[in-house]
Amino acid sequence: MFPVIRGLHRAASAFWTRLNDNTHPGIALALGGGFARGMAHIGVLRVLEREQIPVSFVAGVSAGSIVATGFAGGATSHDLERVARSMSFRDVAQWSINKLGLVGSSRMEDFLRKSLPIHHFEKMKTPLAVVATDLRTGEPITFHSQGEVFAPVRASCSYPGLFQPVRHAGRILVDGAIGMEIPALALRSLGLRRILSVALPPAPVAAEPSSMFGVVNRCFQIMQRRTERFWREASDWIITPDVTGVAWDDFTQLDRLIAAGMKAAESMLPQLRRALAA
């Protein structure tokens, strides 16, 4: 009897896999954070566009949420590059010191309204998920079904200690990378397969931090090293563009970052083509 049950389970599993692949053809993209380093995602998208690799769903945390939202709304990599070239820290933040953070992000909404082609989840050309972290529960919160994208994106970019948390939907929200460094698990929970994750980790630091931001950043690195295996296990492929030496707030390295994203994506093309041809 048990061999029959196992056979039925395998058959059912294969059926649902085929059904899922037919419902969501192409690959699902999980874009990680990195603030200014997030511009490397543009290079990854440029290669996928050039090679006509279909993207069925895109999810992002932190800086990856901005790129994911633009792409989901129909912006090309060249559109996103133009936005990135015009962006500076003061476009998305203003110094506004209070007990919860040093910087407010209300300016980010104005910038996104002008820069993004579509403003609502339910109207996106490619389905979109944005992940933020609930500061009360510590759980990652995935926004994807309806409503404006601005508050979820602002929340997902709210690096603790620097940006003030964002209050939205009855929650106090901070950077999505705290609860989920790369949103591969969010895509799995939505039923997606063929997940390509793009990670932009900072270079390892052995020296003692010399500032408050250095302390917070070091804590992030320690935390993310301990949780890294979870998003890796949920990913089918992983791209890690070489962003070594680019500071978190260095918006002057756009050409280098796009080139790094393109190089990393090109190395993955044979595997992606084989998977899509199967």
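Residues numbered from 1 in each chain as written. Predicted model: local features only at pLDDT ≥ 70, side-chain atom pairs only at ≥ 80, totals over all residues. Heavy atoms only, no water.

In this structure, Glu 81 sits in helix H4 (residues 77-86). What makes Glu 81 buried here is its relative accessible area of 14%. In terms of polar contacts, Glu 81 uses its side chain to reach the side chain of Arg 46, at 2.8 Å. Apart from residues no more than four positions distant in its own chain, Glu 81 is found in contact with Ile 42, Arg 46, Leu 254, Asp 255 and Ile 258. (Helix = DSSP H or I, 4+ residues; strand = E, 2+ residues; numbered from the N terminus. Buried < 20%, exposed > 50% of the residue type's maximum accessible area, 1.4 Å probe, protein only. Polar contact = N/O pair within 3.5 Å; in protein donor to acceptor, adjacent residues only side chain to side chain. Contact = heavy atoms within 4.5 Å.)

Turning our attention to H4. In an α-helix there are 3.6 residues to a turn, and that puts residues three or four apart on one side. Along H4, the residues classified as buried are Ser 77, Leu 80, Glu 81 and Ala 84. Down the axis of H4, the sector holding all buried residues measures 105°, keeping them to one side. (Arc of directions from axis to C-beta.)

A word on the environment of Gly 104. Along the chain, the position of Gly 104 falls in strand S4 (residues 101-104). Judged by relative accessible area, Gly 104 falls into the buried class, the value being 5%. Along the backbone, Gly 104 and Phe 163 are 59 residues apart, and their C-alpha atoms lie at a distance of 5.8 Å. Excluding anything up to four places from it in sequence, Gly 104 contacts Val 92, Ala 93, Gln 94, Ser 96, Phe 163 and Gln 164.

What follows is about the packing of helix H2 (residues 40-50) against helix H11 (residues 254-277). In the contact formed by H2 and H11, the axes pass within 7 Å of each other and the chain directions differ by 40°. Relative to H11, the element H2 lies oblique. Our pair here, H2 against H11, has a crossing hand that is right-handed. Contact with H2, carried on its side by Ala 40, Ile 42, Gly 43, Val 44, Arg 46, Val 47, Leu 48 and Arg 50, involves Leu 257, Ile 258, Gly 261, Met 262, Ala 265, Glu 266, Leu 269 and Leu 272 of H11 and no other residues of that element. Tallied by class, the residues present in the contact of H2 with H11 amount to eleven nonpolar, two polar and three charged. (Axes fitted to C-alpha atoms, helices over the stretch in contact; angles between N-to-C directions. Parallel < 35°, antiparallel > 145°, perpendicular 65-115°, else oblique. Left-handed = near helix turned anticlockwise from the far one by under 90°. Nonpolar A, V, L, I, M, F, W, Y, C, P; charged D, E, K, R; others polar.)

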